[in-house]
Amino acid sequence: MKKLSPAIIGIITGAVMILISIGIFSAKGSFENNLQYFTYAVYILGIIWAVSKYNPPTEEQRKFKSYFNQAFKCYIVVTLLMVIFTFVFLKLNPQMKTEMATNYKAELEKGGNLTPAEIDARVQGAKDYYVTMLISVTSFGYLIIGSLISLVVALFFSLRKVEKKSDF
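Structure report, in brief. Think of each chain on its own: its residues are numbered from 1, step by step along the sequence as written. Given that this is a predicted model, residues contribute local features only at a pLDDT of at least 70 and side-chain atom pairs are listed and counted only at 80 or more, while totals for whole chains, interfaces and linings are drawn from all residues. Hydrogen atoms and water are omitted, and side-chain values are computed over all heavy atoms in the structure.

Of all hydrophobic cores here, the largest spans 29 residues; its most connected members are Met17, Tyr43, Ile47 and Met82. Secondary structure elements with two or more residues in this core: helix 1 (6-28), helix 2 (37-52), helix 3 (64-92) and helix 6 (130-159). Of all the elements, helix 3 adds the most residues to this core, at 10 residues. Contacts are assigned to residue pairs that have any heavy atoms within 4.5 Å of one another. Among residues more than four places away in sequence, those in contact with tyrosine 43 are Thr13, Met17, Tyr75, Val78, Thr79, Tyr142, Ile145 and Gly146. Residue types Ala, Val, Leu, Ile, Met, Phe, Trp, Tyr and Cys, when buried and joined through side-chain atoms within 4.5 Å, form a set referred to as a nonpolar core. Each residue is placed in one exposure class: buried if its accessible area under a 1.4 Å probe, protein chains only, is under 20% of its type's maximum, exposed if it is over 50%, and partly exposed if it falls in between. Going along the chain from the N terminus, every DSSP run of H or I of four or more residues is numbered as a helix, and every run of E of two or more is numbered as a strand.

Structure representation (structure tokens):
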């Protein structure tokens, strides 16, 4: 059986996260609920899986940077897949942008300190940058979470004692 690379594990993890996200959106009509934490749990488990599959043959290779490198290869692929998914999903669901604009306009009108022209200009600006903003938030969020989890997992694996296997 061929050993799975961290990138392949990242593809599998990203695919599962996308399926969970689609399921959540289909069931709830929104991503704004606690079920979205399941995708983060899968993300964390995918990084742990990628690092745990790494079995360096020498003590020299059992260093923090080697383990972090394995985690990085996984989480960068997951981040890429989630950014692509977010972009495609937003393009296929333009009603989300319209809904955001309606809610944002109502929120600005409640404030009462802007003219109707200023409100319309701000709403139009929000609509113009909606996809870009969500893509930025998605990529930055997954990169930060992936880095932090990778840091912890790599530290754990680099500090643990590895038992030598006997030939018997």
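Having seen it, we continue.
This brings us to the pattern of salt bridges. The salt bridge definition used is simple: a Lys or Arg side-chain nitrogen within 4 Å of an Asp or Glu carboxyl oxygen. One pass over the full model with this rule turns up one salt bridge. Between aspartate 120 and lysine 105 there is a salt bridge whose closest N-O contact spans 3.4 Å. Taken together, the residues span a long stretch of sequence, with aspartate 120 in helix 5 (residues 116-128) and lysine 105 in helix 4 (residues 95-111) at a distance of 15 residues. Residue classification places aspartate 120 among the partly exposed residues on the basis of a relative accessible area of 41%. Taking relative accessible area as the criterion, lysine 105 reaches 32% and is therefore assigned partly exposed.

So, on to helix 6. One turn of an α-helix holds 3.6 residues; hence residues three or four places apart share an orientation. Between the first and last residue of a helix there are one fewer steps than residues, each counted as 1.5 Å, and that sum is the expected span. Between its first and last C-alpha atoms helix 6 spans 43 Å; for 30 residues at 1.5 Å apiece the expected length is 44 Å, and the two agree. Turning to helix 6, the residues buried within the fold contact helix 1, helix 2, helix 3, helix 4 and helix 5.

Turning our eyes to something else, we now look at the packing of helix 1 against helix 2. With axes taken as lines fitted to C-alpha atoms, and helix axes fitted only over the stretch in contact, angles between N-to-C directions fall between 0 and 180 degrees. Between helix 1 and helix 2, the least distance of the axes is 9 Å, while the angle of their chain directions is 170°. If you check the angle between helix 1 and helix 2, you find them roughly antiparallel. Across the interface between the two elements, Pro6, Ile9, Ile12, Thr13, Val16, Met17, Ile20 and Ser21 of helix 1 pack against Phe38, Thr39, Val42, Tyr43, Gly46, Trp49 and Ala50 of helix 2. Only Asp, Glu, Lys and Arg are considered charged, only Ala, Val, Leu, Ile, Met, Phe, Trp, Tyr, Cys and Pro nonpolar, and every remaining residue, Gly among them, polar. In the contact of helix 1 with helix 2, the residues fall into 11 nonpolar, four polar and no charged. Roughly parallel covers angles under 35 degrees, roughly antiparallel covers those over 145, roughly perpendicular covers 65 to 115, and oblique covers all other angles.

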